[in-house]
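Here is what each chain is made of, one letter per residue.
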Amino acid sequence: MATFSTEVFSNEFLAEGATDVHAIVQVECSGAGTAGGGTGRAAAEIVIIDTSGSMTGEKLAAAKRAASVAVDQIVDGTWFAVIGGSHLAHRIFPYPNARLAMVPMESGARAEAQRAIAAVRATGGTAMSTWLDLAEETFAAAPTTQRHAILLTDGKNESEPVDQLRQVLARVEGSFQCDARGVGQNWVVSELRSIASTLLGEVALIADPADLAADFEAVMRASMARGVPDVRMRVWTPQGARLLFVRRVAPTVEDLTPKAVTVSELIREIDTGDWGDEERDYHVAVRVPSRPVGTEQLAARFQVVVGGEVQASGLVKARWSSDAHLTARISPEVAHYTGQAELAEAIQEGLAAKAAGDEGTATLRLGRAVQLAHETGNDEATSKLRKVVEVDDEERGTVRLRREATRLDEMALDTASTKTSRVRR
């Protein structure tokens, strides 16, 4: 049986007149089991591969190998399907004329799916909204409560109106989770990030098609290890207080505030998707009315809810003090993750400015990113930044743009911008 635990780190002491309380809530899950392993539950997986004309050749061959490897990792009994996407979406397996849109995994179905994948050909354009539409329709045909997809493309979403993808994402949000992968250098990071962010997944660059199979295997293994579906975070704040934001800050940065659903006047709830044996950290910020010095107040209660039952909780407290030594303290955890969130923002803003030809802003923002990566010990970000900028002084954030930086260097930095380093202890 899965067990959840929480630990809270915060700037508990507030100066007279102060109102904002910040806390890091670390949540750990253990004993999660296997996806769909619980009584009365079932899991479903869909592999979505780009079959547009631009995939012809090495990329399509690698995508087919990756899809086949992913199918190998799907646990028996899991409902599954494979979808091909171009300017239209189509079902690769079960075959389009099959009675069922999804079937439970077993050896015969696995072998037949891999034969169907091997026969795929590339043609047409790219309209990702149709891929997601068909995925939602396919998931709805199976008696499952846990739904995950992996989506691969090599190009831009150019065969449909600009707003179509956004509209479909808004409609399918909450229906299933989706990890997004881009192969090569001709896709748009912001497009796949929007898919992954909305559908509680992660986006990644696969620069070399030869690396696709290993990535798909890892993604599918991770999905099959998420044995706790539909985990929700419930945040209570007192009368008169305002929830400023809730961010996941590890293992990646993601603003979850727009996903918060009102349960009551004082309670908000956020869907965090399915969990395996893992740790995730959240930054909660609450604005409370200022109280007299010496007053102590509960500023927020953070609860982990599974199947409507509270599995773990943590309290965020506020205490007003006139002792400057206490009020000047900054929680190392809060400081660390505040820096990590700013780092992601600085990288994305710097790359956007560079793409727009604004080299001055790009240099300033990427310089700030170098400084933050150094301060927070994010070695991965530092390594990727050094491929885009020449670093003169890490501590001061003094950099120069590299003229020889490639588009793949910039895409690797962009996709990794939201990955965080854990706080040092």
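Look up: the structure comes first, before these words.
On a predicted model such as this, the values are computed, not experimentally measured, just so you know.

About the thresholds
Residues numbered from 1 in each chain as written. Predicted model: local features only at pLDDT ≥ 70, side-chain atom pairs only at ≥ 80, totals over all residues. Heavy atoms only, no water. Buried < 20%, exposed > 50% of the residue type's maximum accessible area, 1.4 Å probe, protein only. Helix = DSSP H or I, 4+ residues; strand = E, 2+ residues; numbered from the N terminus. Pairing = 2+ DSSP bridges. Right-handed = clockwise from strand over helix to strand, strands pointing away. Phe/Tyr/Trp six-rings, centres within 6.5 Å; stacked < 30°, edge-to-face > 60°. Lys NZ or Arg CZ within 6 Å of the ring centre and 35° of its normal. Core = buried A, V, L, I, M, F, W, Y, C linked by side-chain atoms within 4.5 Å. Contact = heavy atoms within 4.5 Å.

Peer 1: Help me understand the pairing of strand E8 (residues 146–153), please; the structure alone is not making it clear to me.
Peer 2: Consecutive residues of a regular strand have side chains that alternate between opposite faces of the sheet. Among the eight residues of E8, seven are classified as buried, and the element is accordingly described as predominantly covered. Where strand E4 (residues 43–50) lies against E8, seven bridges are found, and the strand directions are parallel. The residue of E8 that forms the bridge with Ile48 is Leu151. Tracing the backbone out of E8, into helix H4 (residues 162–172) and back to the parallel element strand E9 (residues 177–183) gives a crossover that is right-handed.

Peer 1: Mind showing me how you'd approach the packing of aromatic side chains here?
Peer 2: Centre distance and the angle of the planes are the two values used to describe a pair of aromatic rings. Going through the model one piece at a time under the given rule, you end up with five aromatic pairs. Each ring, one from Phe4 and one from Trp275, has its centre 5.5 Å from the other, and the planes form 65°; the classification is edge-to-face. Residue Phe4 is found in strand E1 (residues 3–10), and its partner Trp275 is found in the loop between strand E15 (267–271) and strand E16 (278–287); the two are separated by 271 residues along the sequence. For the pair Phe4 and Trp275, a shared accessibility class is recorded, and that class is buried. Centroid distance Phe93 to Tyr95: 5.7 Å. Interplanar angle 80°. Geometry classified as edge-to-face. We classify Tyr95 as partly exposed; its relative accessible area is 30%. Looking at Arg280, its charged tip hangs above the ring of Trp275, at a distance of 3.9 Å from the centre.

Peer 1: Looking at this structure, how should I read the nonpolar core?
Peer 2: Counting 34 residues, the largest nonpolar core has Ile46, Leu132, Phe176 and Ile195 as the members making the most contacts within it. Ranked by residues supplied to this core, first place goes to helix H3 (residues 128–140) with six residues. Among residues more than four places away in sequence, those in contact with Ile195 are Met128, Leu132, Leu165, Leu169 and Cys178.

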